[in-house]
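# Examination of the molecular architecture
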Amino acid sequence: MTQTLIERTGAESAVSTEDRDSSAPAADALRVQGLSVRYGARTVLHDVDLHVGPGEVVGLIGESGSGKTSLARTVLGLVPAAAGSVEVAGQRVDRFGPPQWRRFRRAGHAQQVFQDPLSSLDGRFTALRSVLVGTREVVRGAEATRRAEDALRRVGLAERLWNRRPAQLSGGQRQRVAIARAIAVDPALLVCDEPVSALDASSRIEVVRALADVARSGTGLLVISHDLSSLGAIADRVLVLHNGHIVEDGTAAQVLTAPQHPYTQTLIAAIPTIAA
Amino acid sequence: MTALRTLLTRPSAAVALAVLVIVALVVAFGELIAPHDPLAQNTADVLAGPSAAHWLGTDYLGRDILSRLLSGTRLSVLAAAEAVLVALLLGTTAALTAVFGPRPIRWVVERVVDSFMALPFITFAVAIGALLGNSIHAAMVAVGVLAAPTFVRVVRAAVLRTAQSQYVEAARLFGVPVVRIVLTHVLPRIVPVLLVTSASALAASLLVVASLTFLGVGVQPPAPTWGGMLSADLSYLALRPFNPIAPALAIMVTVAALGILADRIRDLPQAGIDADAESADETTRDTAASGDDTAESVRTAAAHGPADAEPGPEQEVTSGSEPAAASGAVSSGAWGTASDDLLTIDGLRITAESGRPLVRGVDLRVPRGVSVGILGESGSGKTLTVKALLGALPDGVEVAGGSINFAGERIGSVFQDPATWFAPHLTLGSQIDEVLRHAQGLTRVEAAERRRELLTHVGLDDPDRISAQYVHELSGGMIQRILLAIAVSGEPDLLVADEATTALDVTVQAEVLGLIRRLRAEHALSVLMISHDLAVLAHSCEYLYVFRDGVIVEAGPTDQVLRAPQHPYTRELVADHTVFGIEAVRRAAAEAAEEAEAQTGVRQP
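Residues numbered from 1 in each chain as written. Chains lettered and ligands numbered in written order. Predicted model: local features only at pLDDT ≥ 70, side-chain atom pairs only at ≥ 80, totals over all residues.

### Some thoughts on the overall build of chain B
Within chain B, the secondary structure is distributed over 20 helices and nine strands. Relative to its 605 residues, chain B shows a buried fraction of 46%. For chain B, the proportion of contacts with a sequence separation of at least 24, taken over those separated by at least 6, is 70%. (Helix = DSSP H or I, 4+ residues; strand = E, 2+ residues; numbered from the N terminus. Buried ≥ 20, exposed ≤ 12 C-beta atoms within 10 Å, placed from the backbone. Contact = placed C-beta atoms within 7 Å.)

### Thoughts on the overall build of chain A
Across its full length, chain A holds ten helices and ten strands. A buried classification covers 53% of the 276 residues belonging to chain A. Restricting to contacts in chain A with at least 6 residues of sequence separation, those with at least 24 account for 66%.

### Observations concerning the sheet that holds strand β2 (residues 357-367) of chain B
Residue and element names in this part refer to chain B. Read from one edge to the other, the open sheet built from three strands follows the order β2-β1-β4, with strand pairing classed as antiparallel. In this open sheet, the two edge strands, each paired with only one partner strand, are β2 and β4 (397-406). Averaged over neighbouring strand pairs, the angle between their axes works out to 5 degrees when direction is ignored. Sheet topology note: the strand β1 (residues 341-352)/β4 ladder contains eight bridges and is antiparallel. What sits directly across from T351, in β4, is E398. Of the strands in this sheet, β1, β2 and β4 touch helix α11 (residues 382-390), which is tilted by about 115 degrees from β1. (Pairing = 2+ DSSP bridges. Axes fitted to C-alpha atoms, helices over the stretch in contact; angles between N-to-C directions.)

### With respect to the domain arrangement of chain B
Domain boundaries assigned for chain B yield domain 1 (2-271), domain 2 (282-322 + 337-566) and domain 3 (567-605). Domain 1 of chain B and domain 2 of chain B are separated by 53 Å when their C-alpha centres are compared. (Domains from an automatic or database assignment.)

### Remarks on the confidence of the model for chain B
Residues and elements named next belong to chain B. On average, chain B scores 81 in pLDDT, and the residues at 70 or more come to 87%. Contacts from residues 273-334, a stretch scored under 50 in pLDDT, to residues over four places away or in other chains number 133 contacts. Interface predicted TM-score (ipTM) for the complex: 0.78; the corresponding pTM is 0.71. (pLDDT = per-residue confidence, 0-100.)

### Here's the deal with the pairing of strand β8 (residues 543-548) of chain B
All names here are of chain B. Summarising burial for β8: six of the six residues are buried, a large majority. The pairing of strand β3 (residues 371-375) with β8 spans four bridges and is classified as parallel. Bridge pairing in β8 links G373 to L544. For β8 and strand β9 (residues 551-557), the ladder comprises six bridges, and the chain directions are antiparallel. When the sheet's bridge partners are listed, Y543 is paired in β9 with P557. In this structure, the hairpin formed by β8 and β9 is closed by a connection of two residues, where D549 is found at a positive phi of approximately 50 degrees.

### Details of the interface of chain B and chain A
The interface of chain B with chain A comprises 45 residues on the first partner and 47 residues on the second. Looking at the side of chain B that touches chain A, the elements with two or more residues in it are α7 (166-173), α8 (178-215), α16 (506-523), α17 (534-540), α18 (558-563), α19 (568-580) and α20 (582-600) of chain B. It is α20(B) that contributes the most residues to the side of chain B that touches chain A, eight residues altogether.

### Quick word on the packing of helix α5 (residues 121-132) of chain B against helix α6 (residues 136-163) of chain B
Residue and element names in this part refer to chain B. Packing of α5 against α6 brings their axes to within 8 Å, and their N-to-C directions diverge by 140 degrees. One element, α5, and the other, α6, form an angle in the oblique class. Crossing of α5 against α6: the hand is right-handed. Together, F121, F124, A125, I128, G129 and L132 of α5 and A138, A139, A142, V143 and L146 of α6 make up the contact between the two elements. Each residue belonging to the contact of α5 with α6 can be placed in one class, and the counts come to ten nonpolar, one polar and no charged. (Parallel < 35°, antiparallel > 145°, perpendicular 65-115°, else oblique. Left-handed = near helix turned anticlockwise from the far one by under 90°. Nonpolar A, V, L, I, M, F, W, Y, C, P; charged D, E, K, R; others polar.)

### Focus on helix α4 (residues 127-138) of chain A
The buried fraction of α4(A) amounts to ten of the twelve residues, a majority that puts the element mostly inside the structure. The elements touched by buried residues of α4(A) are α2 (98-106), α5 (141-154) and α6 (171-183) of chain A together with α7 of chain B.

### Concerning α6(A)
Over its 13 residues, α6(A) runs 18 Å from end to end, which matches the ideal 18 Å to within 8%, given 1.5 Å per residue. Counting buried positions over the 13 residues of α6(A) gives 13, a clear majority of the element. (Expected span 1.5 Å × (residues − 1).)

### A look at the sheet that holds strand β6 (residues 110-113) of chain A
Residue and element names in this part refer to chain A. Pairing in this open sheet of six strands is mixed, and the strands run β6-β7-β8-β3-β9-β10 from one edge to the other. Across the chains shown, the open sheet's two edge strands, defined by having one partner strand only, are β6 and β10 (245-251). Neighbour-to-neighbour, the strand axes of this sheet turn through a mean angle of 20 degrees, independent of strand direction. Across the sheet, helix α1 (residues 68-75) touches β3 (57-61), β6, β7 (189-193), β8 (220-225) and β9 (237-242), and the angle it forms with β7 is around 150 degrees.

### Examining the environment of V99(B)
All names here are of chain B. Tracing the sequence through the fold places V99 in helix α3 (residues 65-100). Judged by C-beta crowding, with 22 C-beta atoms within 10 Å, V99 ranks as buried. C-alpha separation for the pair V99 and R156, spaced 57 residues apart in sequence, amounts to 6.9 Å. In this view, V99 contacts R156, V159, L160 and A163; residues no more than four positions away in its chain are not counted.

### Thoughts on the environment of V44(A)
Residue position: V44(A) is located in strand β2 (residues 42-52). With residues up to four places along the chain from it excluded, the contact list for V44(A) reads V37(A), R38(A), Y39(A), G67(A), S70(A) and G244(A).

Here you go:
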């Protein structure tokens, strides 16, 4: 297994020699190989492989207890890996100690968007201040403000809403603030944990569009959901996680229209549709 | 500042605050305003009663009691405050360490806190006094150290809630240093808790100071303190029975004022002890089985409050007087005739206590044997409408007009988050039996027999094993099956399912929806299904009502609503599925395959 241990600094990119598209210019946003995660004696992830290229949107589907949240937390360094490797933006984060994590985080390489923006945003902070929480770790002063404002513009939040608190925003607006906070530090990888499932249908579209824009700008997205149908529209590839194993890996169209694994077939058959 | 203003609107808080301001002024200026030197003895005038010169009389050395009281306030109060300050600083630091510190340090902090809880205040303070010399400061630091665990426990609970929040996790992912996280996110949130705890602790500490000075610890006579005066006065109780009243009152009033203030601060909405307010609309409350009263028109009543100790979920539907409602003509739907209707809701209006309208004139019909869906987002009024039907409107929300006519006998219902309807410490079997015995008047043996039947009926094999289990041992899908079993056990006419599958995984959701369909057929049920998910309703209901902002924006047969939605909002919801749903992907995949085939003549994998 080739280990590329190249630090990603600024615009400089590291080309992975793995079996990816040879045309890919930058390091993978995320490359997970043979990852296992254990809580005590219980193994929640078995030998998981997955990669997210720059600007790629990868959907990870799993029901409760499938290990999808453990996978996200391991990638973000909140849960240790028992075996295997995790590479984010070209760095072997599974070997990081606390000081390296601190440096890595303050560089803003990997960010997360949570399910419910009402709990992921501090209710006392305005939209702008919430976004500043992140940018201030990367840059100082006016530059931090400029980046925060830039991020809010990128997610299409009107300027008159910047000084509102979460309670004064709609669900979709709140989630876009959370996305702005994450992308303001220009992460290589954005992990989205059920980014639309707490939102009403009418808010979902605006958030999905904002996420698609983020991917277009080159950030790799790992979108975790229990709901296959909500991923169909944005995911380039879809992986299905069942009891800690990846049982299916393909393009969204392949997985949704011609699932191979029996579990995926059950899962897709269970999705309620409005089709007659 | 708004918090202070709100606080002052409460008379008791205003009085308590005024008392404390006076005490504070006496602490600052007591020695200046004292009419006499508190230490000046006058052996000619000992133990005198109140007079123009000595308003509260004199003590056994002829010293002016008022002057001693005024100048003794500073030492008594400041010593108490000193202990609280020590406890506050030590306790908050320990609590923050116990939450944010490395694991070994957390362990040490917890053990130390536990052992300190076991030490008695006054004995410890006396011992410290003996050890470090008879200094009030040493004694108060000792008291402060012993009081710190109280702060640790209260503050840690408050800190933990914030520390586990996702915005703190988000800040950690940015690498924000812990100290800054504490300063920006955590401390502002625990200020109210600190205030409340400090006020209560100050009250307790005043009593400790009074006790210590009463015992002569820390303060040498002749320095005046409240406790010391009390002690001296008690020796002459036979001669001057009223002399101890003044210092005793000073202690009592100050302590009481602090206690009242602490309570009132705790009551403040700004205290944010439960700051994340939820909309009244979506507070889910319980119901399942049904009552036993019949009437042409049924008003629901007698909802069980959340504090009800009854283990089982239940909700009685009883007859009552129909309010003279603004019942207009029955809305002429496109289906059936009004005489078939099991449930008719006419012009229902629900308002909050503040007068804010929440449901603004809803007309809805559920014909017999039909499944009707209510689609809406949170805050649309769909859940309130159902709660009004079940007589379970939350406090502060009431029916302002319209009528609900239920032409059946019983309503069974199931809700979101099924696990919350069972007590965690009782077996499921005992709770199911309780409901069956209460609602259907069965004996213990009959109930157990019926329970086995019911669980098997909803597809739970091995009912005895499940009955012996506790709620946390079962999956959400299994618990929802049990609740469905209870709901149909009373042979209801109408089954209400309010977001019954929302918290479940899709595969489990499919099973539960399948079960509802089967029960509907087997029990000839009418169904009223409430959901935010169009696809769930599309599969299960013949008719749809679309709620938005307290009104119905669209109603009609399901296929008609899906095929030709009239209202822009409904069109948006349908588009959400056709643009992002699985159909969209399938269609896109089919088109892409066709295109590829047309271009290359080769079928894509």
